[in-house]
Amino acid sequence: MNPIDELRAARPAHLGDRPVDEQTRAVELGRAMARPRPGTAKRRRARPVWGLGLAGAAAAAVTAVAVVMSGSGAAPTPPRAPDGGQVAASAGTDAPRVKLSARDVLLAAAEKADRQAEGSGDWWRSETVSRHLYAARTGGYLVMDRARSEGWTPEGVGGDQWARSRQLGAEPATEADREAWERAGSPSEIEVVVPGKGRGKGKYGPMTLSTSDGKATTSHTPLVDGDKVFWLGRNVTMKELRGLPSDPGELKKWLMSSYAGHGTESTGEKMSGDTWLFKVSVGLIMDMPVTPEVRGAAFRMLAGLDDVKVTENVTDAEGRQGTAVSVEEHYEAGGVSENRLVFDEATGRALASEYVVVKPGGLQAGFEPGTVWSSNALIEAGWTDDKPAS
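The text that follows walks through the structure, step by step, so that each part is easy to find. (Residues numbered from 1 in each chain as written. Predicted model: local features only at pLDDT ≥ 70, side-chain atom pairs only at ≥ 80, totals over all residues. Heavy atoms only, no water.)

### Structural notes on the overall build of the protein chain
For step 1, the next point in the chain: A count of helical and extended segments in the protein chain gives 8 helices and 14 strands.
For step 2, the next point in the chain: Every one of the 390 residues in the protein chain was classed for burial, and the buried ones make up 53%.
For step 3, the next point in the chain: Pairs at least 24 residues apart make up 65% of the contacts formed inside the protein chain by residues separated by at least 6 positions.
For step 4, the next point in the chain: A total of about 16200 Å² of accessible surface is found on the protein chain, and carbon and sulfur atoms cover 49% of it. (Helix = DSSP H or I, 4+ residues; strand = E, 2+ residues; numbered from the N terminus. Buried < 20%, exposed > 50% of the residue type's maximum accessible area, 1.4 Å probe, protein only. Contact = heavy atoms within 4.5 Å. Areas by Shrake-Rupley, 256 points an atom, 1.4 Å probe, with all protein chains shown as cover.)

Structure (structure tokens):
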């Protein structure tokens with residue numbers, strides 16, 4: 001199987017056949033790298049604990065997966081030292097806070113990740129909500145398209161992966177966009193422009209989004225080659241995934257053995273090794289069923305990168321507050337995005353992966369700096385013994 005066919009095969013079913021622009025495709029492939037799949041050895045039934053709950057999310061009740069929920073995110077997490085302790089006790093609401101480096105923040109997250117329990121079950125299930133920003137073809141406003149996705153991967157080899165997806169409807173991105181949408185007659189079907197669709201690289205084509213919720217669709221496909229379950233720089237088996245090294249240096253060496261000087265697609269544009277490693281590692285940290293020690297090693301590995309930046313008090317698309325670490329991605333077609341991982345410092349658990357406009361241009365033309373144009377929020381992830389319903 002050539003690399004393009006491998007990527008097509010590894011593409012999660014929930015992404016469907018919907019045409020996407022090049023930058024969105026990069027995000028979707030990031031999700032393909034981050035699709036959680038199971039371990040190899042049969043485990044006794046136990047509470048899955050690697051999971052993130054959305055405060056007040058009704059979606060948490062749709063399955064019987066038992067997941068330890070994160071906090072409500074109502075207040076920002078204070079900065080913490082690498083040993084997990086709080087950097088400075090607050091003497092009052094105006095007490096100064098110590099600014100930590102990205103390295104310190106990542107090492108502190110690694111300490112928390114190491115202590116996470118793993119859970120067990122016959123299936124690894126994850127639930128995410130993705131959002132993508134588009135410009136309406138007419139009317140001068142932006143809309144956010146939203147979709148909820150669930151995925152199940154069997155613990156053993158030779159089975160099927162299951163996916164359930166549902167469009168949550170497009171909506172104006174901001175209040176100002178809502179006012180412009182209303183002036184345009186509040187259309188229930190919105191034609192948007194999609195970079196690169198149908199007219200070649202850097203051009204724009206049409207796509208129609210609905211403001212209404214769609215029906216949930218369920219599908220299943222055999223594991224690639226009977227045992228391949230994730231894209232982690234290349235297609236990997238559960239044995240490989242569960243056997244990843246817990247030493248950050250060895251983990252980096254293992255991952256970088258798949259780096260070929262370009263992005264995560266074989267036909268992708270050039271990408272530095274550090275940017276590629278960050279991109280792949282976000283998927284590993286987000287919701288892959290690796291051991292807690294490997295997740296901690298991934299944080300420590302990223303702490304050694306030169307260009308990683310930290311941003312405190314980030315609110316993700318689900319309203320949860322956390323800390324973000326990020327690197328910049330430069331596109332040959334023009335423009336720069338910040339690829340960032342948002343996580344809860346108190347637990348070391350991931351909240352979301354996001355792409356933020358740094359420099360508009362090319363495929364990002366028209367979006368203001370600081371705009372989150374694509375995000376994937378992790379609602380929950382964990383082991384379950386409940387088989388997905390067909």
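### A few points about the environment of Thr311
For step 1, the next point in the chain: Within the element layout of this structure, Thr311 appears in strand β10 (residues 309-315).
For step 2, the next point in the chain: Ignoring any residue separated from it by four or fewer positions in sequence, one finds Thr311 in contact with Thr323 and Ala324.

### Structural notes on the environment of Pro248
For step 1, the next point in the chain: Assignment of secondary structure puts Pro248 in helix α6 (residues 248-256).
For step 2, the next point in the chain: C-alpha separation for the pair Pro248 and Ala298, spaced 50 residues apart in sequence, amounts to 6.3 Å.

### Focus on the packing of aromatic side chains
For step 1, the next point in the chain: Using the criterion set out here, one finds 4 aromatic pairs in the structure.
For step 2, the next point in the chain: Between the aromatic rings of Tyr259 and Trp276, the centroid separation amounts to 5.5 Å while the plane-to-plane angle is 55 degrees, which identifies the pairing as tilted. Here Tyr259, found in the loop between α6 and α7 (273-287), pairs with Trp276, found in helix α7; they are 17 residues apart in sequence, far enough to count as distant.
For step 3, the next point in the chain: Taking the relative accessible area as the measure of exposure, Tyr259 reaches 25% and is therefore partly exposed. (Phe/Tyr/Trp six-rings, centres within 6.5 Å; stacked < 30°, edge-to-face > 60°.)

### Details of the pairing of strand β1 (residues 123-136)
For step 1, the next point in the chain: Taken across its 14 residues, β1 has 13 buried, putting it largely inside the fold.
For step 2, the next point in the chain: Looking at chain direction, β1 and strand β2 (residues 142-154) are connected through 13 bridges and run antiparallel. Bridge pairing in β2 links Trp124 to Thr153.
For step 3, the next point in the chain: One ladder, built from 10 bridges, connects β1 with strand β14 (residues 372-384); its direction is antiparallel. If you follow Arg125 over to β14, its bridge partner there is Gly382. (Pairing = 2+ DSSP bridges.)

### What about the packing of α7 against helix α8 (residues 292-303)?
For step 1, the next point in the chain: Two elements in contact, α7 and α8, have axes whose closest approach is 10 Å; the angle formed by their N-to-C orientations is 155 degrees. One finds that α7 runs roughly antiparallel with respect to α8. Here α7 and α8 pass one another in a crossing that is left-handed. Side by side, α7 and α8 meet where Leu277, Phe278, Ser281, Leu284 and Ile285 of the first sit next to Val294, Arg295, Ala298, Phe299, Met301 and Leu302 of the second. (Axes fitted to C-alpha atoms, helices over the stretch in contact; angles between N-to-C directions. Parallel < 35°, antiparallel > 145°, perpendicular 65-115°, else oblique. Left-handed = near helix turned anticlockwise from the far one by under 90°.)

### Points about the side chain of Glu380
For step 1, the next point in the chain: Inspection of the secondary structure assignment puts Glu380 in strand β14.
For step 2, the next point in the chain: Of the residues examined, Glu380 reaches a relative accessible area of 1% and is grouped as buried.
For step 3, the next point in the chain: Separated by 2.7 Å, the side chains of Glu380 and Arg125 make a polar contact. (Polar contact = N/O pair within 3.5 Å; in protein donor to acceptor, adjacent residues only side chain to side chain.)

### A look at the pattern of salt bridges
For step 1, the next point in the chain: Counted under the stated rule, the structure contains 20 salt bridges.
For step 2, the next point in the chain: Between Arg300 and Glu111 there is a salt bridge, with its nearest N and O atoms 3.4 Å apart. In this pair, Arg300 sits in helix α8 while Glu111 sits in helix α3 (residues 102-114), placing the two residues 189 residues apart along the sequence.
For step 3, the next point in the chain: Of the charged contacts, one joins Arg146 and Glu171 as a salt bridge, the two residues approaching to 4.0 Å between their closest N and O atoms. With Arg146 in strand β2 and Glu171 in strand β4 (residues 171-172), this residue pair connects regions lying 25 residues apart in the sequence.
For step 4, the next point in the chain: One salt-bridge network, held together by shared partners, links Arg125, Glu127, Arg148, Glu150, Arg164 and Glu380. (Salt bridge = Lys/Arg side-chain N within 4 Å of Asp/Glu carboxyl O.)

### Quick look at the nonpolar core
For step 1, the next point in the chain: Counting residues in each nonpolar core, the largest one holds 48 residues, and the members touching the most others are Leu232, Leu284, Phe299 and Leu341.
For step 2, the next point in the chain: Here this core takes 8 residues from α7, the largest share from any one element.
For step 3, the next point in the chain: Not counting residues up to four positions away in its chain, the partners in contact with Phe299 are Leu106, Ala109, Ala110, Ala113, Ile285, Leu341, Phe343 and Gly348.
For step 4, the next point in the chain: By size, the runner-up hydrophobic cluster in this structure holds 12 residues, among which are Ala136, Val143, Val192 and Met207. (Core = buried A, V, L, I, M, F, W, Y, C linked by side-chain atoms within 4.5 Å.)

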